[in-house]
Every structure is written in structure tokens, then in C-alpha cells.
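Read off the chains here:
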Amino acid sequence: MSIKHRPLKSYVIVGGGTAGWVSAAVLSHVLQNTGVSITLVESPDVPTVGVGEATIPSFIDLLSFLNISQKDFIAKTNATFKLAIKFVDWFQQGQHYWHPFGKIGSKVDGKEFYQHWLKNHIHGGKFEYTDFSPAVAMAKENRFFIPDPKKPSNLSNSAHALHFDAGLAAKFLAEYAQAKGVKCIKAHVERVEQHENGNIKTLHFKDGQEVSGDFFIDCSGQRSLLLKKSLRVGFVDWQHYLPVNSAVVMQTEKMSILAPYTESTAHDNGWRWRIPLQNRTGNGFVFSQDFCSDQQAIDLLSSQVTEKAINEPRIIRFTTGKMKKFWHKNCLAVGLSSGFLEPLESTGIHLIMKGILNFVQMLPDENLADVTQNEYNRLMDAEYDSIRDFIVLHYCTSKRDDSPFWKMWQHIAIPESLQNKLALFKSQGRLMKNDLDLFASDSWYAVLEGMGVKPNSYDPTVDASNFELIQNILKESEVALKRNVQQLMSHEDYITRILAST
Ligand SMILES: Cc1cc2nc3c(=O)[nH]c(=O)nc-3n(C[C@H](O)[C@H](O)[C@H](O)COP(=O)(O)OP(=O)(O)OC[C@H]3O[C@@H](n4cnc5c(N)ncnc54)[C@H](O)[C@@H]3O)c2cc1C
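Below, the structure is looked at part by part. Residue indices follow the written sequence of each chain, beginning from 1 at its first position. In keeping with the model being predicted, local features are shown solely for residues with a pLDDT of at least 70 and side-chain atom pairs are shown and tallied solely at 80 or more, while totals for entire chains, interfaces and linings include all residues. Water and hydrogen atoms play no part in the side-chain values, which are based on all heavy atoms of the structure.

Some thoughts on helix 3 (residues 70–77)
1) Next: With a 1.4 Å probe rolled over the protein chains alone, any residue whose accessible area is under 20% of its type maximum counts as buried; one over 50% counts as exposed, and the rest are partly exposed. Per the convention used, a helix needs a DSSP run of H or I reaching at least four residues, while a strand needs a run of E reaching at least two, with both numbered from the N terminus. Every buried residue of helix 3 is listed here: F73, I74 and T77. Along the axis of helix 3, the buried residues cluster in a sector spanning 100 degrees; they form a single face.
2) Next: In what follows, residue pairs with any heavy atoms lying within 4.5 Å of each other are defined as contacts. Elements that come into contact with the buried residues of helix 3 comprise helix 2 (58–65), strand 3 (80–82), strand 6 (161–163), helix 6 (166–179) and helix 15 (491–500). The arc refers to the directions leading from the helix axis to the C-beta atoms.

Some thoughts on the sheet that holds strand 21 (residues 339–340)
1) Next: The strand order across the open sheet built from three strands is 12-18-21, with neighbouring strands paired in antiparallel fashion. Bordering the open sheet on either side are strand 12 (235–237) and strand 21, each of which pairs with just one other strand.
2) Next: Strands are labelled as partners when DSSP assigns at least two bridges between them. Across three bridges, the pairing between strand 12 and strand 18 (residues 321–323) is antiparallel. Across the sheet, the residue bridging to F235 is M323, located in strand 18.
3) Next: Lines fitted to C-alpha atoms define the axes, with helix axes restricted to the stretch in contact, and inter-axis angles between N-to-C directions lie between 0 and 180 degrees. In this fold helix 10 (residues 370–396) packs onto strand 18 and strand 21, with an angle of close to 175 degrees to the strand it touches most, strand 18.

A closer look at the side chain of T252
1) Next: Mapped onto the fold, T252 is located in strand 13 (residues 246–253).
2) Next: On the basis of relative accessible area, T252 is assigned to the buried category, the value being 0%.
3) Next: N or O atoms within 3.5 Å of each other form a polar contact, as long as, within protein, one can give a hydrogen and the other can take it, and as long as residues adjacent in sequence are counted only when both atoms are side-chain atoms. Looking at T252, its side chain comes within polar contact range of the side chain of N283, at 2.9 Å.
4) Next: Not counting residues up to four positions away in its chain, the partners in contact with T252 are R280, T281, N283, V305, E307, K308, A309 and I310.

Side note on the site of the ligand
1) Next: The ligand sits among 34 residues. The nearest are G16, V46, A54, L336 and I349.
2) Next: A54 is positioned with one of its backbone polar atoms (N or O) 2.7 Å from a nitrogen atom of the ligand.
3) Next: Here the shell around the ligand takes three residues from helix 9 (residues 348–361), the largest share from any one element.
4) Next: Polar here means any residue other than Ala, Val, Leu, Ile, Met, Phe, Trp, Tyr, Cys and Pro, which are nonpolar, and Asp, Glu, Lys and Arg, which are charged; Gly is therefore polar. Residues that form the shell around the ligand fall into these classes: 18 nonpolar, 13 polar and three charged. The cutoff for a nearby residue is simple: one of its non-hydrogen atoms must lie within 4 Å of the molecule or strand.

Remarks on empty space enclosed by the protein
1) Next: Here a cavity denotes a set of grid points, spaced 1 Å apart and computed over the protein atoms alone, in which a 1.4 Å probe fits but from which it cannot get out, and a pocket denotes an open set meeting protein on both sides within 12 Å along at least five of seven lines; residues with an atom within 4 Å of a point are reported as lining. Grid points are joined across faces, edges and corners, and a volume is the space filled by probe spheres set on the points. Throughout the structure, instances matching the rule amount to one cavity of 30 Å³ or more.
2) Next: Taken as a whole, the largest cavity encloses approximately 40 Å³ of empty space.
3) Next: Taken together, F326, A333, V334, G335, S338, L351, I352, G355, Y376, M380 and Y384 make up the lining of the largest cavity.
4) Next: Among the secondary structure elements, those contributing two or more residues to the lining of the largest cavity are helix 9 and helix 10.
5) Next: Residues of the lining of the largest cavity, tallied by class, amount to eight nonpolar, three polar and no charged.

Some words on the nonpolar core
1) Next: Take the buried Ala, Val, Leu, Ile, Met, Phe, Trp, Tyr and Cys residues and link them wherever side-chain atoms come within 4.5 Å; each set so joined is a nonpolar core. L27, W90, I217, F359 and Y395 are the most contacted members of the largest nonpolar core, which has 135 residues in total.
2) Next: When residues in this core are grouped by element, the largest group, eleven residues, is from helix 10.
3) Next: If we ignore the near neighbours within four places in the chain, the residues touching I217 are V12, I13, V14, S23, L27, L332, V334, I356 and F359.
4) Next: Formed by 19 residues, the second largest nonpolar core is a distinct cluster that contains V14, F205, V211 and V233.

As for the pairing of strand 1 (residues 10–14)
1) Next: For strand 1, a buried count of five out of five residues is recorded, marking the element as mostly surrounded by other parts of the structure.
2) Next: Across the two faces of strand 1 the burial is the same, with S10, V12 and V14 and Y11 and I13 all buried.
3) Next: Inspection of the sheet shows strand 1 paired to strand 2 (residues 37–42) by five bridges, in the parallel sense. Within the sheet, the bridge partner assigned to V12 lies in strand 2 and is T39.

Things to note about helix 13 (residues 441–450)
1) Next: Of all ten residues in helix 13, nine are buried, a share of seventy percent or more.
2) Next: Buried positions along helix 13 lie against strand 5 (96–100), helix 4 (113–122), helix 10 and helix 12 (416–428).

Considerations on the layout of surface pockets
1) Next: Quantified by volume, the second largest pocket comes out at close to 470 Å³.
2) Next: Around the second largest pocket, the lining comprises 25 residues; the ones closest to its centre are G102, K103, A440, D442 and S443.
3) Next: Contributing elements (two or more residues each) for the lining of the second largest pocket: helix 2, strand 5, helix 4 and helix 13.
4) Next: In terms of residue count, helix 13 provides more of the lining of the second largest pocket than any other element does, four residues in total.
5) Next: Looking at side-chain class alone, the lining of the second largest pocket contains 13 nonpolar, seven polar and five charged residues.

Quick notes on the environment of D290
1) Next: Structurally, D290 is set in the loop between strand 16 (280–287) and helix 8 (294–304).
2) Next: In the structure, D290 is positioned 21 residues away from N269 in sequence and 9.4 Å away in space, judged by C-alpha atoms.

Comments concerning the packing of helix 12 against helix 13
1) Next: Running from amino to carboxyl end, helix 12 crosses helix 13 at an angle of 80 degrees, the nearest separation of the two axes being 13 Å. Considered as vectors, helix 12 and helix 13 are oriented roughly perpendicular to each other. Seen from helix 12, the contacting residues are L418, K421, L422 and F425; seen from helix 13, they are W444, Y445 and L448. Any angle between 65 and 115 degrees counts as roughly perpendicular, while under 35 counts as roughly parallel, over 145 as roughly antiparallel, and the rest as oblique.

Overview of the packing of helix 2 against helix 9
When two helices pack together, you describe them by how their axes are tilted relative to each other and by the distance separating the axes.
1) Next: With their axes 10 Å apart at the nearest point, helix 2 and helix 9 run at an angle of 40 degrees to one another. In terms of orientation, helix 2 and helix 9 fall into the oblique class. Pair helix 2 / helix 9 crosses with left-handed handedness. The segment helix 2 lies against helix 9, with S58, F59, L62 and F65 engaging I349, H350, M353 and L357. Here is the rule for handedness: rotate from the far helix to the near one, and if that takes an anticlockwise turn smaller than a right angle the crossing is left-handed, while a clockwise turn gives right-handed.

See the structure below:
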């Protein structure tokens, strides 16, 4: 049997936002020395969305994958560290909880820490579940530390992500990709020419120039110029699950104490984020036009920010949902062109990374086999669906009923997959096993606990452990964690030290 090795020879990326440049960086890294050409086209007329500044720990994995030094990236993007999200007033007004990165507690007698904690809690134990998270212990004190894998300690299980300036991050990745041979064209795509079989052939620019390619990556933002507009792939609308559709964004001066976490505060008609950078703070208020006018949203955000504004508030509209297919014919959509989920858990950039990393793991050849596309679409569907459920969880479990917006959440549709997860959890505190779920059990437990969702009972197998011993372990580990955190540098000093190191 003769082997027919017919790799694709040219890729064209449309869009120079985070999605475009992350895609260009990953493709150019994976395809270096293969002779494959990669061209990125970005319109001088259409600005990037200009937000997307909080990440989750998978972003650190992306930097490692690309052999980018964390220090270099932090220096050039005004980045800060992120250990958690602090959710304020979500469950009830006046209450807050943490969703930290990394692990919470450790298994005891081979049983999940959560189940031991739950038994202790049911018996009147005073500790919060996240009291055993190293990330929360550091975040509460505004301290930071990256544990050395060679020196295990009770902080070893923490994990971190970054907050960064989206514009500077795109610039950093653009320089990276161009150094690896990506050609950048500043031009506005006006017309898309297709082959007879429907595959995309050539992009025609406003200035009369054009570019052809074997494969096209649509990073054109919410326009979804190639996948939606040209190839007419449909959209799965999720607004009945997540009806917020707008955000107002505004930058303010740097926070006086640089917090190592994102803050998400629920308000009467939506929620507000605060993202600390080295030189400024990113703020936004997410809302639904059915409950709040643009002016009310601007007034709310302006009245809540604690630092001086450094730019004018700007409104962004969005539609929650995903494309019916992410890969169709010779076109892949990455970023906002593939769908949108509100930024409550900072998952937009993760979806971009996953979109392009899954693609390079199943890079097509000239055959563009349907089976490969179907498998890719299945994996990305699972990513989107599990993140959607996790976001809906924050709203549908809220006890707030102090405004029409919050009353709405008591009657809103809940995806069946989430209903099943909640039912299983409420029974004995168990979670469904799903290898494709982005958020690990500890994340689900942290949010469920923070939102006051209590199981009826715990796993009976933890009764095999000596309860008195378990209670002592809990007491001692909480004290030890607090004590160790007191020895650490402040978040700001840690950044200064990293940037000064050689
Ligand atoms: C309010 C809000 C807050 C968010 N916060 C977060 C967050 O905290 N964390 C997170 O991970 N994600 C967040 N996201 C998501 C994140 O912003 C996006 O995933 C990310 O910025 C990627 O955008 P993009 O590159 O797909 O699109 P864009 O930034 O819109 O870029 C589109 C590109 O396409 C180009 N283009 C468009 N039309 C043409 C044309 N005709 N010809 C040539 N080029 C064209 C444009 O010039 C531009 O370069 C947020 C999103 C929103 C809306």
C-alpha cells in the first residue's frame, strides 16, 4: 500500500485579536521548519474587542508550550498573578466566597478531602471548605508565591494564572509569531471566494489585493466572517440559559494594594469585574438590556470603581452561544467567531487556546477528512457545554430575589446536564466524572459550597476513618496554612522581585 502524505501548504488567519495571534503563535511553533506558510490578515478599520484580561491556569501551560518565559511575558504585558476569583454578593448580599485555582486539601485515607470536610461540617465544624486552599490563604492576605516543585510544602497545591493587558499580549504574541515566519498583512477582507465544493479559495481585500490558502482560520471576532457569513454555519443560541447580552468596560488607575485575584461582585442588574494590572485596573459591568439601560450601567460602574478613571466607558454587545460546528470544510473558527460565554470564569482565552491546540493535534492533510472534523467538533462542543453549565451554576443557585433581574433566575431554564449534576451532588455530595470538564471537582465544590448548595448526606465510606483524627488534621492544616502564608512576600513585592531577577 502506498502512503499518500499530502500535507497542507498554506494557512491563512483572519483577525489580529487575541484569537488571531494565539492561533498564529501555536501554528508557527508547531509547523516551524516544515515549509508551511502562515499569513495573518488584520483589518486596519475594525478594532479588536480590547478586553479579555483575566485567565485561568491553562494559560501558564500555553506559555510553557510556546517556550515563552513567564517573566518576559509578565514584564511586557503589565501582568499580575491571579490565584482565585472572589465572588461578592452572589449567594446573598453581604456574603462572599472564593473560587481558587489549584487543589483544596488533600485526600485522607484515600477518600476525597471534600467528603471528610463535609462530614466535619455536618457535625458543626467551623471551617469553610476553601479555608484549606493554599491559593485562598494567599489571596486573602494579598501575598503570592510560586511553589518550588522540588521543595514540597503545604503551599505546593496552589496554582496560578495571569491578569494582563490584552493589547500588549496580542503585541507580544504577534512578535513571537512573526519571528517564526508568520506574515502579517494589514488589509480589510471584503469578499470571500469559494471553490465549487464550497471550500474557501481566496480572500479579496478592500485595496484590491488578495490572498489564497489551503486552510483558513476565522479569528474575525463576533462577525465570524468566514464560518458564519461565508460558509453559513448556524449558531446555537444559549440566551435562554444566560440572558446577559452587554457589558460596559472602563479602565481606572492602579489599585493601591495589588490584589492577586479577580473580583466579581453581583449587583441588582448584573455583575461587575475588577482586574488588577501592574499599571492600571480593568473594570466592567455585565448586564442584560432587558433590565438595565446603557446609561444606568455606565452610572453603576462609574459609581463603584475605587480608583480614578483613565478612559471613557465603552459598551460591548454579545450573544451567548456557540457555532453548530467549529470546523467546517477548510475553515476553523477560533475565539469570538466560534461563540461566546460571558467572562464570569475568565474562560474566553482558554477556549481560544483549546480551539487551536486541539486543532494542531489533529492537523488535516489535503483530504480534510470528515472524521477528523467530527472528532474536533465533538471535543470543542464538550468544552463549551461544560463551561456553560459551570457559569449557569453561579446564577441558578443564587438566593437573591431583591430585584427583577435576580427574580428572573429563579424561573430560568437550566440545561439538563446541569440539572443532573445538581441532583447527584445534592444527594451525597458526589460529582459526575467527566474527563472533558474544564473545571475539576474542587472548583465545582468551591462554587456549590459558596452558593450555599448543601448535599443531604456524605459518602458513607468516610465513616471508616477515625473522625477525631480527621478533625485534628483539619485544625492543624488550617493553622499551618495561615502561618506559612504570613511568611510570604506581598503580591506586588513578588512581581517586583521577579522582574528584577536575571
Ligand atoms: C466584555 C468581555 C469581557 C471579556 N473578558 C474576558 C476575560 O476576562 N478573560 C477571557 O479569557 N476572555 C474574556 N473575554 C473574551 C475575550 O475578550 C476574547 O475571547 C478575545 O479577546 C478574543 O477576541 P477575538 O480575537 O476572537 O476577536 P477580536 O478581538 O474582536 O478581534 C477580531 C479581529 O478580526 C479583525 N477583522 C474583523 N473583520 C475583518 C475583516 N473584514 N478583514 C480583516 N480583519 C477583520 C479585526 O481587525 C480584529 O483584528 C471577554 C469578552 C468580552 C466581550
